[in-house]
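For reference, the chains in residue letters:
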Amino acid sequence: MKMILLGPPGSGKGTQAKMLSERLGVPQISTGDMLRAAVKEGTPMGLKAKAKMEAGGLVPDEVVVGIVKERLLKPDCDKGFILDGFPRTLAQADALKGTLSELNKQLDAVVSLEVDDDAVVGRIAGRRTCRDCGKMYHVEFDAPAVENKCDKCGGELFQRSDDQEETIRKRLEVYAEQTAPLIAYYKNDGILRDVDGMQNISAVQERILSELGCGQ
Ligand code: ADP
Ligand code: AMP
């Protein structure tokens, strides 16, 4: 399965991508995770990306296109991949097409998670992430058994610095202007699958699997 999960910040792309990755046995490729790792390590790319990410803007196309291209060349992508948070602009979508055609590969599906603005603001504001293993939680909708402690590895949970209310609004504006046009782009390619992302996490997962023809 070679697919993209598209949707506004907080729509559940990361949550669903992790579940799909386990279920389908293909890697999740999250540009947000890769950029945060680069920021943490203080690499030259991380230093370039940091200010943009903290302000809720987009990192330049050539930077993200480069890291995705490099990642897609790894052998674990031979069977497929789930792109999460990429592409985010029309230029990135065109670049992805070029890269896949060089690799003789084609996307199977683009799943568009539809969640309204008020819901994504509530989801992002309550998002917590494990410092050690990266597992995501929500203080209300997907709470850990012990407050601020990861169920999986016991690590401490933290709130992302770009998950503050003002930055969330900015990220939604950027999504509407630069990323939402990709819905029409992939509809035109005939591979877009709309999924109602307003339901609970497992219901959304079932809907995605059924759209992909992998349901039970
Ligand atoms: P994205 O990767 O699109 O930014 P996430 O997967 O990180 O979104 O989800 C954002 C927050 O919303 C997380 O705290 C997650 O636990 C929570 N969440 C994800 N899916 C749902 C859902 N269907 N219902 C309620 N909360 C959800
Ligand atoms: P995410 O984890 O997907 O919410 O991404 C966090 C931040 O990383 C975004 O707000 C952007 O600043 C940056 N980012 C992630 N993916 C991309 C991308 N494909 N293009 C540009 N910037 C990105």
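Above this text sits the structure in question.
Residues numbered from 1 in each chain as written. Chains lettered and ligands numbered in written order. Predicted model: local features only at pLDDT ≥ 70, side-chain atom pairs only at ≥ 80, totals over all residues. Heavy atoms only, no water.

1. Observations regarding the sheet that holds strand β3 (residues 81-84)
As a reminder of what qualifies: For two strands to count as paired, DSSP must find a minimum of two bridges between them. Per the convention used, a helix needs a DSSP run of H or I reaching at least four residues, while a strand needs a run of E reaching at least two, with both numbered from the N terminus. To define axes, lines are fitted to C-alpha atoms, for helices over the stretch in contact only, and angles between the resulting N-to-C directions are given on a 0 to 180 degree scale. Residues count as neighbours in contact if any of their non-hydrogen atoms are within 4.5 Å of one another.
Spatially, five strands are ordered β2-β3-β1-β4-β8 in an open sheet, and the strand pairing comes out parallel. Of all the strands in the sheet, the pair left with one neighbour each is β2 (28-30) and β8 (192-196). If you compare each strand with its neighbour and ignore which way they point, the axes differ by 25 degrees on average. For β2 and β3, the ladder comprises three bridges, and the chain directions are parallel. Paired with Ser 30 across the two strands is Asp 84, which belongs to β3. Along the sheet face, helix α2 (residues 31-41) touches β2 and β3 and points at about 60 degrees away from the line of β2.

2. Re the sheet that holds strand β5 (residues 127-130)
Taken in spatial order, the three strands make up an open sheet running β6-β5-β7, and their pairing is antiparallel. For this open sheet the edge positions go to β6 (136-138) and β7 (157-158), each flanked by a neighbour on one side alone. Relative to β7, β5 runs antiparallel, the two sharing two bridges. Across the sheet, the residue bridging to Thr 129 is Phe 158, located in β7.

3. Regarding the packing of aromatic side chains
Quick reminder of the rule: Centre distance within 6.5 Å is the pairing criterion for rings of Phe, Tyr and Trp, where only the six-membered ring of Trp is used; planes under 30 degrees apart are then read as stacked, over 60 as edge-to-face, and the remainder as tilted. Exposure classes here rest on a 1.4 Å probe applied to the protein chains alone. A residue is buried below 20% of its type maximum, exposed above 50%, and partly exposed in between. By the criterion adopted, a ring carries a charge over it if an Arg CZ or a Lys NZ lies within 6 Å of its centre and within 35 degrees of its normal.
Within this structure, the stated rule accounts for one aromatic pair. On the numbers, 4.9 Å between centres and 80 degrees between planes, the contact of Tyr 185 with Tyr 186 is edge-to-face. Relative accessible area serves as the criterion here: at 16%, Tyr 185 is assigned to the buried category. Under the relative-accessibility criterion, Tyr 186 is labelled buried at 1%. The ring of Tyr 137 carries Lys 135 above its face, with NZ or CZ at 5.0 Å from the centroid.

4. Observations regarding helix α1 (residues 13-24)
Condition: To estimate the expected span of a helix, subtract one from its residue number and multiply by 1.5 Å. This arc is built from the directions going out from the helix axis to the C-beta atoms.
For α1, spanning twelve residues, the distance from its first C-alpha to its last is 15 Å, which sits close to the expected 16 Å at 1.5 Å a residue. Of all the residues in α1, the buried ones are Lys 13, Gly 14, Gln 16, Ala 17, Leu 20 and Ser 21. Take α1 and look down its axis: the buried residues cluster within an arc of 160 degrees, on one side only. Against the buried residues of α1 lie β1 (2-6), β2, β3, β4 (109-114), β6 and α9 (201-211). Of the residues trailing α1, Gly 25 is marked for its positive phi of about 70 degrees.

5. Section: the site of ligand 1
We count it as follows: A cutoff of 4 Å decides nearness: a residue is near a molecule or strand if any of its heavy atoms lies inside that distance of it. Each polar contact in these results corresponds to two N or O atoms within 3.5 Å; when the atoms are within protein, one needs to be able to donate a hydrogen and the other to accept it, and residues that are neighboring in sequence are counted only if both atoms are side-chain atoms. For accessible areas, the Shrake-Rupley method is used with a probe of radius 1.4 Å. Any residue's cover is judged against the shown protein chains and nothing else.
Close to ligand 1 lie 18 residues, the nearest being Gly 14, Thr 15, Arg 127, Tyr 137 and Gln 199. At 2.5 Å from an oxygen atom of ligand 1 is found a side-chain nitrogen or oxygen belonging to Arg 127. In this structure, a nitrogen atom belonging to ligand 1 sits 3.5 Å away from a main-chain N or O atom of Ile 201. Contact with the protein chains removes 94% of the 560 Å² of surface that ligand 1 exposes when unbound. Contributing elements (two or more residues each) for the shell around ligand 1: α1, β6 and α9.

6. Considering unusual backbone geometry
Across the junction of Phe 86 and Pro 87, the peptide omega takes the value 0 degrees, indicating a cis bond. Within the secondary structure, Pro 87 is located in the loop between β3 and α5 (90-102). The residue Asn 104 is not glycine, and still its phi comes out positive at about 60 degrees. Among the residues examined, Asn 104 registers a relative accessible area of 73% and is labelled exposed. Positive phi is not limited to glycine here, since Asn 148 has a value of about 65 degrees.

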